[in-house]
Amino acid sequence: RLGQMEIALDGTTPKDIQQRVRFGQTPEEISESSGIPLERVLRFAGPVIAERQHIAAQAVEVELRDGSTSRTLGSTVIDTLALGGADPELIEWDAWRREDGRWSLLASWEPVEGVAYGATAALWAFDPLGRTIVADDPASGWLLGDRPEIDPEADDTDTRPHLVGLPSHDELDTWDDDSVDPDAA
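Below you will find a few notes about this structure. (Residues numbered from 1 in each chain as written. Predicted model: local features only at pLDDT ≥ 70, side-chain atom pairs only at ≥ 80, totals over all residues. Heavy atoms only, no water.)

**Quick word on the pattern of salt bridges**
Between side chains of opposite charge, pairing is possible as soon as their charged atoms come close. Our working rule: For salt bridges, the criterion is a side-chain nitrogen of Lys or Arg within 4 Å of an Asp or Glu carboxyl oxygen. Under the DSSP-based scheme used, a helix requires at least four consecutive residues in state H or I and a strand at least two consecutive residues in state E, with every element numbered from the N terminus. The cut-offs for exposure are 20% and 50% of the maximum accessible area for each residue type, with area from a 1.4 Å probe on protein chains only; residues under the lower value are buried, those over the upper are exposed, and the others partly exposed.
In this structure the tally under the stated criterion is seven salt bridges. Close ionic contact of Arg 22 with Glu 51 constitutes a salt bridge, the shortest N to O distance being 2.8 Å. Of this pair, Arg 22 sits in helix α1 (residues 14-22) while Glu 51 sits in helix α3 (residues 38-60), and the two are 29 residues apart along the sequence. Arg 22 gets classed as partly exposed once you look at its relative accessible area, which sits at 25%. In this structure, Arg 102 and Asp 100 form a salt bridge, with 3.0 Å as the shortest nitrogen-oxygen distance. Residue classification places Asp 100 among the partly exposed residues on the basis of a relative accessible area of 46%. Among the charged side chains, a salt-bridge network with shared partners connects Arg 98, Asp 100, Arg 102 and Asp 136.

Written out as structure tokens, the structure is:
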């Protein structure tokens, strides 16, 4: 554009810095990975950090409706954590843009016994245009009242999928390419 000059900082433009901050990186991470002094990164990151704070503030004020009652996300989370003994003043909120156009909202707090399965953070997906918020992990669901009953008799075997059967690098080196039958597939 006329009157604007793109300032390249060791191959990283101000736009690159802002995009990386918008998608969740901290200025410290950007400074470390790019070699740009933190003060220069902060100069370009400031407006996007303010945007992230603004989006987080909007998300905290989203109304959650449960039948005839309505409460904000922020008050619900604060009250739930306070009941467990968390200090509401120490809850930190952050937001960053997701690739799908929505924003991730993060609430983090000091560890509290018996709160949200021992979690210290909860994550939601926030759509600022529709003013909708969706739990994005078990802790966020727990904070919003989704507390499934735990059967003490249930088998507590870990049912998450695990990656198995991959050969090590040593095993890959010993494979003979001539021993592979191309018609076997």
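**Overview of the side chain of Ser 31**
Put simply, the test is: In the analysis that follows, any N or O atom pair within 3.5 Å is treated as a polar contact, provided that within protein one partner can donate a hydrogen and the other can accept it, and provided that, for residues neighboring in sequence, both atoms belong to side chains. Residues count as neighbours in contact if any of their non-hydrogen atoms are within 4.5 Å of one another.
Note that Ser 31 resides in helix α2 (residues 27-34). When its relative accessible area of 15% is taken as the criterion, Ser 31 is described as buried. Within the structure, Ser 31 has its side chain in polar contact with the backbone oxygen of Ile 36 (distance 2.6 Å). A polar contact is formed between the side chain of Ser 31 and the backbone nitrogen of Leu 38, at a distance of 3.4 Å. The contacts of Ser 31, once residues within four sequence positions are left out, are Ile 36, Pro 37, Leu 38 and Val 41.

**Things to note about the sheet that holds strand β6 (residues 132-135)**
Where we set the bar: Two strands qualify as a pair provided that DSSP identifies no fewer than 2 bridges between them. For helices, the axis comes from a line fit to the C-alpha atoms of the stretch in contact; other axes are also lines fit to C-alpha atoms, and the angle between any two N-to-C directions lies between 0 and 180 degrees.
Strands sit in the order β3-β4-β5-β6 across an open sheet of four strands; the sheet is antiparallel. Looking at strand neighbours, the two that pair on one side only are β3 (92-97) and β6, the edges of this open sheet. Mean inter-strand twist for the sheet, computed between neighbouring axes without regard to direction, equals 25°. In this structure, β3 lies alongside strand β4 (residues 103-108), joined through six bridges in antiparallel fashion. In the strand pairing of β4, Arg 97 is matched with Trp 103.

**Section: the side chain of Thr 76**
By the secondary structure assignment, Thr 76 is in helix α4 (residues 73-83). We classify Thr 76 as buried; its relative accessible area is 12%.

**Thoughts on the environment of Ser 108**
Inspection of the secondary structure puts Ser 108 in strand β4. Taking the relative accessible area as the measure of exposure, Ser 108 reaches 22% and is therefore partly exposed. In the structure, Ser 108 is positioned 14 residues away from Asp 94 in sequence and 8.6 Å away in space, judged by C-alpha atoms. Residues within four places of Ser 108 in sequence aside, it is in contact with Leu 90, Ile 91, Glu 92, Thr 120 and Ala 121.

**Some points on unusual backbone geometry**
Unusually for a residue other than glycine, Arg 131 sits at a positive phi of about 50°. Examined against the element boundaries, Arg 131 turns out to sit in the loop between β5 (121-127) and β6. Assessed through its relative accessible area of 39%, Arg 131 is described here as partly exposed.

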